[in-house]
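Listed here are the chains, written in short residue letters.
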Amino acid sequence: MAIRKILTQGDPVLNKVCHPVTKFDDKLADLLDDLRETLDSAKGVGLAAPQVGILRRAVIVVPNPEIDEMVELVNPEILAQEGEEDGLEGCLSIPGMWGYVKRPTWVKVRAQDRHGNWFEMEGADLAARCFCHELEHLDGHMYDEHVDRLYTSEEMDAILSEEQEPEEENSSRKHARRRVGRRRG
């Protein structure tokens, strides 16, 4: 296994359509192992083969970061999707930048494993977002095509801080009301 270099925006490989995987051999296993190690090293939640310069339809996703399980999807396709939600996304190929992207809240994907066996998997919320984001890479697209504006990490920290302040104020008010309520009782 090896950590591979992640290509960044501007590299023409990222804008090319990937070829289906037809050989389920040691070369594919090595690619998937390298994607796993590279993703783990980068501390991301998804990585597609073109992001490391390989034009094959293979991705690794972490559908639930709390479990820290990586799922390999070879020749993946989205079978169904439902809902819609704006959410924050970043990309290992666009480091230090973030944007709000509208994605389905639930998706069902069909893919093959490293041995060529077909399986289906469902994902909601972050998992659905991750599936959609990574599968777009396989068709030469990146999330920044969907955003009105990209934000730097510093701008995102400020936005997230502002979003948390009202929540903290509401929580403090509720807590104060509970204390006042107890005094009244």
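Just so it is clear, the structure is predicted and the values come from calculations on it, not from any experiment.

### Details of the overall build of the protein chain
Thought 1: Within the protein chain one finds three helices and eight strands.
Thought 2: Residue pairs at least 24 apart in sequence account for 64% of intrachain contacts in the protein chain once pairs closer than 6 positions are excluded.
Thought 3: When the accessible surface of the protein chain is totalled, it reaches about 10,700 Å², and 46% of it is carbon and sulfur.

### Comments concerning the sheet that holds strand β5 (residues 94-103)
The strands making up a sheet associate through hydrogen bonds between their backbones, and the pairing can be parallel or antiparallel.
Thought 1: Reading across the sheet, the three strands line up as β4-β5-β8 and stay open at both edges, with antiparallel pairing between neighbours. Each having just a single partner strand, β4 (85-91) and β8 (151-152) make up the two edges of the open sheet.
Thought 2: Pairing between β4 and β5: seven bridges, direction antiparallel. Each residue of the ladder has a partner; that of Asp 86, found in β5, is Lys 102.
Thought 3: Sheet contacts for helix α2 (residues 126-137): β4 and β5; angle to β4, the most-contacted strand, approximately 50°.

### Considerations on the confidence of the model for the protein chain
Thought 1: When pLDDT is averaged along the protein chain, the result is 89, and 89% of the positions lie at 70 or above.
Thought 2: Low confidence marks residues 172-185, where pLDDT is under 50. Its contacts with residues over four positions away, or in another chain, come to zero contacts.

### Observations concerning the side chain of Arg 129
Thought 1: By the secondary structure assignment, Arg 129 is in helix α2.
Thought 2: Here the side chain of Arg 129 touches Glu 89 through a polar contact of 2.8 Å, side chain to side chain.
Thought 3: The contact partners of Arg 129, leaving out residues within four places of it in the chain, are Glu 85, Asp 86, Gly 87, Leu 88, Glu 89, Val 101 and Arg 103.

### Structural notes on the nonpolar core
Thought 1: Core analysis: the largest hydrophobic core is formed by 16 residues, its most contacted members being Val 59, Val 61, Leu 73, Val 107, Phe 131 and Leu 138.
Thought 2: At the level of elements, β2 (58-61), β3 (71-82), β6 (106-112) and α2 are the ones that each hand at least two residues to this core.
Thought 3: With six residues, α2 is the single largest residue contributor to this core.

### Side note on the sheet that holds β6
Thought 1: Taken in spatial order, the five strands of this open sheet run β1-β2-β3-β6-β7, and their pairing is antiparallel. On the outer flanks of this sheet lie β1 (46-48) and β7 (118-124), each paired with one strand and no other. For this sheet, the mean angle separating the axes of adjacent strands, direction not counted, is 35°.
Thought 2: As paired elements, β2 and β3 share four bridges and run antiparallel to each other.

### Quick word on the packing of aromatic side chains
Thought 1: Counting across every chain of the model gives one aromatic pair.
Thought 2: A centroid spacing of 6.2 Å and a plane angle of 80° characterise the contact between Tyr 100 and Tyr 151, whose relative ring orientation is edge-to-face. Taken together, the residues span a long stretch of sequence, with Tyr 100 in strand β5 and Tyr 151 in strand β8 at a distance of 51 residues.
Thought 3: Residue Tyr 100 is classed as partly exposed on the basis of its relative accessible area of 28%.
Thought 4: The class for Tyr 151 is buried, based on a relative accessible area of 18%.
Thought 5: The lysine or arginine in question, Arg 110, covers the ring of Trp 118, its NZ or CZ lying 3.9 Å from the ring centre.

Rules used throughout
Residues numbered from 1 in each chain as written. Predicted model: local features only at pLDDT ≥ 70, side-chain atom pairs only at ≥ 80, totals over all residues. Heavy atoms only, no water. Helix = DSSP H or I, 4+ residues; strand = E, 2+ residues; numbered from the N terminus. Contact = heavy atoms within 4.5 Å. Areas by Shrake-Rupley, 256 points an atom, 1.4 Å probe, with all protein chains shown as cover. Pairing = 2+ DSSP bridges. Axes fitted to C-alpha atoms, helices over the stretch in contact; angles between N-to-C directions. pLDDT = per-residue confidence, 0-100. Polar contact = N/O pair within 3.5 Å; in protein donor to acceptor, adjacent residues only side chain to side chain. Core = buried A, V, L, I, M, F, W, Y, C linked by side-chain atoms within 4.5 Å. Buried < 20%, exposed > 50% of the residue type's maximum accessible area, 1.4 Å probe, protein only. Phe/Tyr/Trp six-rings, centres within 6.5 Å; stacked < 30°, edge-to-face > 60°. Lys NZ or Arg CZ within 6 Å of the ring centre and 35° of its normal.

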